[in-house]
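What follows is the residue order along each chain.
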2 protein chains.
Amino acid sequence: MIRIALDALGGDNAPEVVLNGAVSAVNAYEGKFHIVLCGPKEEIEEGLKKLGYNGDAISVVDAPDRIAMDEHPIDALRKKPNSGLVTCVGLQKKGLVQASVSAGNSGAMMASCLMLLGRSNENFARPPIGCTIPTAKNRALLVDAGANVDEKASVLVDFAIAGCVFAECYLGCEKPRVALLNMGEEEKKGPAVIQEAYQLLKNTSLNFIGNVEGRDLIAGKADVIVCSGYTGNVVLKMLEGFYEMHQELFGTIDTPEGKRFAQMWDYRFTGGALLLGLNGTGIIAHGRSDAKAIEQAVYAAYQYAESKVAEKIGLKLAEYKQA
Amino acid sequence: MIRIALDALGGDNAPEVVLNGAVSAVNAYEGKFHIVLCGPKEEIEEGLKKLGYNGDAISVVDAPDRIAMDEHPIDALRKKPNSGLVTCVGLQKKGLVQASVSAGNSGAMMASCLMLLGRSNENFARPPIGCTIPTAKNRALLVDAGANVDEKASVLVDFAIAGCVFAECYLGCEKPRVALLNMGEEEKKGPAVIQEAYQLLKNTSLNFIGNVEGRDLIAGKADVIVCSGYTGNVVLKMLEGFYEMHQELFGTIDTPEGKRFAQMWDYRFTGGALLLGLNGTGIIAHGRSDAKAIEQAVYAAYQYAESKVAEKIGLKLAEYKQA
């Protein structure tokens, strides 16, 4: 059975919503996975008792240190090995779990995964965050959603490769349509680094469809949208902002379209973001996660681990890097 | 009376929608401005006759050359001085009109305005496109919406200055809240150029509120949002795409919120984008403009010219550049 480590103290509303989400997850997906909650043992056990949970699909590993949301990532990693966040990644390094999930300090989670799990390919310099995003049609994959800044063109190509493998394994796309996010469709448009990446991508075996603009992204014209971590983060937060505004103005509209929109655009159903190109499965859930979001992040972690997304990305990257 | 030159052949649906929009504009805002339609004279006069227009608020200047939407901007400017686009800017240079509007090739419009009208301040190297955008609250100003790429930090500061003057004159903001679009709120977040611009902006007298993320932009936390032309264009197109998707899924929702949303988010009411930092008023309307969009772009041109936005930006830039 897949075992998933979950940072009990991660997120704005931890540990309450994390415990709640963990219990929902094991109830909703009974028999599929076991959750190892990492955090202050007594507090967690008391919390689980309050929720009336006494099954054996959840266990607890004591990790009393606390990492603040704005703590420096490397400091947090070095000084707080006994935090829930670092522990849940450490357990995966030791082979005791197959995936690690945290809604805590995302920089610290990235640093922990990078340092403890390592890159799946030494030539894959800068692992990006892959995040599934809503569109007018199906879900697409945005890469990088915010792990990196000031990337070179070759790094954007790595993002594209990792993103395509992810889309194949997880979104079930065959030959995913991969595109660069740009300010026009023409080859010679946009920043120098994007123009350079365009030329490099033309020469890969990926199904590169060229540039897409912001409208095309929303319209669902690409399955994998490649951009810098900076731009990706702006895009991701705008999508969240749209949804929140829509909900505030109109609530969930009682039509089939309205329900589908609410389901697809609610960030809680995203299942968190996956760090691509690592020896393992590290999920960064939203800091504002509620119990539903935690449940979905755990379930996504299970799916990634079960379908061996990380291993497949590693193999594919090796192929591309050799070719 | 303010005189506005309008490129009759600009846009995907020209000249029909342009003539239609021109007639709507002079009818809706009677007595406020005169429109000079620039394009093939016979064709335009026939079109106006078909629309039943025989007033004196519209005149025609013959400009038979045609610029394609994908034609190289500089080529278009050099080789087609007798196009509607170049003519409508040329008339402004000669002092015969106070504003120029085109929904045609936006690169050619930018090049024409830059070459023919010139910069209002020689130190203001790279005039940006300022575009008002919808938010969950009021309209805000996005700058640069796509005129430039690969800007230096000092250029982003110029964008901020021009944007603030625009927001004061046109959106009626006192001490507009100006922010950098970034992937986090912290000073040390994001690409190197954004971090550098942050430090420069702290030392201006602008009401700089720091970084905003994509969600904050939608939530209306800033009046002037400063970013690279690349990112700004992605943002602008996403806002359009979101509105289009919303309309397709739900139509205009029959509540006060629904009507307000439809009014504010419909790109046709944007009034086109203004080139900031020039000796004159050049408006780039959307290539997909319909008659309503043309009408609104003409009206915006009138407002810009009437309230002397371009002159005020020039003066303010001179102040800042001297200080």
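**Q** Which residues make up the environment of K175(A), and what values go with them?
**A** By the secondary structure assignment, K175(A) is in the loop between helix 6 (153–169) and strand 7 (178–181). Sequence-wise, K175(A) and K93(A) are 82 residues apart; in three dimensions their C-alpha atoms are separated by 32 Å.

**Q** An account of the nonpolar core is requested, with residue identities and associated values reported.
**A** Side chains of a nonpolar character, in soluble globular proteins, are inclined to be buried together. The biggest cluster of nonpolar side chains holds 238 residues, and the ones touching the most others in it are L6(A) and L6(B). Other than its neighbours up to four places away in sequence, L6(A) contacts V18(A), A22(A), I35(A), V36(A), L37(A), C38(A), C88(A), V101(A) and V298(A).

**Q** Describe the pairing of strand 1 (residues 2–7) of chain A, and please don't skip the residues or the numbers.
**A** All names here are of chain A. The pairing of strand 1 with strand 2 (residues 33–39) spans 6 bridges and is classified as parallel. Along strand 2, the bridge assignment pairs L6 with L37. Handedness of the crossover joining strand 1 and strand 2 through helix 1 (residues 16–28): right-handed. In this sheet, strand 4 (residues 99–102) lies alongside strand 1 in parallel orientation, the contact comprising 3 bridges. Directly across from I4, in strand 4, lies its bridge partner A99.

**Q** Run through helix 1 of chain A, naming residues and quoting values.
**A** Within an α-helix, residues lying three or four positions from one another point in the same direction, as the helix has 3.6 residues per turn. Residue and element names in this part refer to chain A. Between its first and last C-alpha, helix 1 extends 18 Å over 13 residues, near the 18 Å set by a 1.5 Å rise per residue. V17, V18, L19, N20, G21, A22, V23, A25 and V26 are the residues of helix 1 that are buried. At its buried positions, helix 1 is contacted by strand 1, strand 2, helix 2 (41–50), strand 3 (58–62) and helix 11 (291–306).

**Q** Break down the relation of the copies chain A and chain B for me, citing the residues and quoting the values.
**A** At an RMSD of 0.0 Å, chain A and chain B line up after a rotation of 180° and a shift of 0.0 Å along the axis. Viewed as a symmetry operation, the transformation between the two copies matches a two-fold axis. Measuring from the rotation axis to each C-alpha of chain A, the shortest distance belongs to T231(A), at 3.3 Å. Mapped onto chain B, 100% of the interface residues of chain A are again interface residues, and the two copies thus contact each other with one and the same surface.

**Q** Any details on unusual backbone geometry? Residues and values, ideally.
**A** All names here are of chain A. Here A14 and P15 are connected by a cis peptide whose omega angle stands at -5°. If you check the backbone angles, K175 has positive phi at about 45° while not being a glycine. Note on K175: 12 C-beta atoms within 10 Å, which makes it exposed. Although it is not a glycine, K308 sits at a positive phi angle of roughly 55°. Inspection of the secondary structure puts K308 in the loop between helix 11 and helix 12 (309–322).

**Q** So what's going on with the domain arrangement of chain A? Which residues, and what values?
**A** Residue and element names in this part refer to chain A. Domains assigned within chain A are domain 1 (1–119 + 277–307) and domain 2 (125–272). One C-alpha centre belongs to domain 1, the other to domain 2; they are set 26 Å apart. Across the contact, 20 residues belong to domain 1 and 11 residues belong to domain 2. When residues of the side of domain 1 that touches domain 2 are traced back to their parent elements, those giving at least two are helix 5 (106–117), strand 11 (282–284) and helix 11. Looking at the side of domain 1 that touches domain 2 element by element, the count peaks at 8 residues for helix 11. Along the lines of polarity and charge, the residues of the side of domain 1 that touches domain 2 split into 12 nonpolar, 5 polar and 3 charged.

**Q** So what's going on with the interface of chain A and chain B? Which residues, and what values?
**A** Contacts between the two partners involve 33 residues from chain A and, on the opposite side, 34 residues from chain B. Sorting the residues of the side of chain A that touches chain B by element identifies helix 8 (214–219), helix 9 (229–250) and helix 10 (256–265) of chain A as the ones contributing at least two each. By residue number, the principal contributor to the side of chain A that touches chain B is helix 9 of chain A, which donates 15 residues.

**Q** Could you give an account of the packing of helix 4 (residues 84–93) of chain B against helix 5 (residues 106–117) of chain B, naming the residues involved and the relevant values?
**A** Residue and element names in this part refer to chain B. Their axes nearest at 10 Å, the elements helix 4 and helix 5 cross at an angle of 25°. Judged by the angle between their axes, helix 4 and helix 5 are roughly parallel. The hand of the helix 4/helix 5 crossing is right-handed. On helix 5, the residues that touch L85, V86, V89, G90, Q92 and K93 of helix 4 are A108, M109, S112, C113, L116 and L117. Its residues assigned to classes, the contact of helix 4 with helix 5 shows 8 nonpolar, 3 polar and 1 charged.

**Q** Break down helix 5 of chain B for me, with residues and values.
**A** Residues and elements named next belong to chain B. Under the 1.5 Å per step criterion, the end-to-end length of helix 5 is 16 Å for 12 residues, consistent within 8% with the ideal 16 Å. In terms of burial, helix 5 is largely enclosed, as 11 of its 12 residues are buried. Restricting attention to buried positions, one finds in helix 5 the residues S106, G107, A108, M109, M110, A111, S112, C113, L114, L116 and L117. For helix 5, the secondary structure elements touched by its buried residues are helix 3 (73–79), helix 4, strand 4 (99–102), strand 10 (273–275) and strand 11 (282–284). Within two residues after helix 5, G118 carries a phi angle of roughly 85°, on the positive side.

**Q** Break down the sheet that holds strand 2 of chain A for me, citing the residues and quoting the values.
**A** All names here are of chain A. Here we have 11 strands laid out as an open sheet, ordered 3-2-1-4-11-10-5-6-9-7-8, and mixed in their pairing. In this open sheet, the two edge strands, each paired with only one partner strand, are strand 3 and strand 8 (208–212). Direction aside, the axes of adjacent strands within the sheet are offset by 25° on average. Pairing analysis gives 5 bridges linking strand 2 to strand 3, with the strands arranged parallel. When the bridges of strand 3 are listed, V36 appears paired with S59. Against the sheet, helix 7 (residues 192–202) contacts strand 7 and strand 8, and its axis sits at roughly 170° relative to strand 7. Packing of helix 11 onto the sheet brings it into contact with strand 1, strand 2, strand 4, strand 10 (273–275) and strand 11, and relative to strand 1 it is tilted by some 140°.

Rules used in this analysis
- Residues numbered from 1 in each chain as written.
- Chains lettered and ligands numbered in written order.
- Predicted model: local features only at pLDDT ≥ 70, side-chain atom pairs only at ≥ 80, totals over all residues.
- Helix = DSSP H or I, 4+ residues; strand = E, 2+ residues; numbered from the N terminus.
- Core = buried A, V, L, I, M, F, W, Y, C linked by C-beta atoms within 7 Å.
- Buried ≥ 20, exposed ≤ 12 C-beta atoms within 10 Å, placed from the backbone.
- Contact = placed C-beta atoms within 7 Å.
- Pairing = 2+ DSSP bridges.
- Right-handed = clockwise from strand over helix to strand, strands pointing away.
- Expected span 1.5 Å × (residues − 1).
- Least-squares fit on C-alpha atoms with pLDDT ≥ 70 in both.
- Domains from an automatic or database assignment.
- Nonpolar A, V, L, I, M, F, W, Y, C, P; charged D, E, K, R; others polar.
- Axes fitted to C-alpha atoms, helices over the stretch in contact; angles between N-to-C directions.
- Parallel < 35°, antiparallel > 145°, perpendicular 65-115°, else oblique.
- Left-handed = near helix turned anticlockwise from the far one by under 90°.

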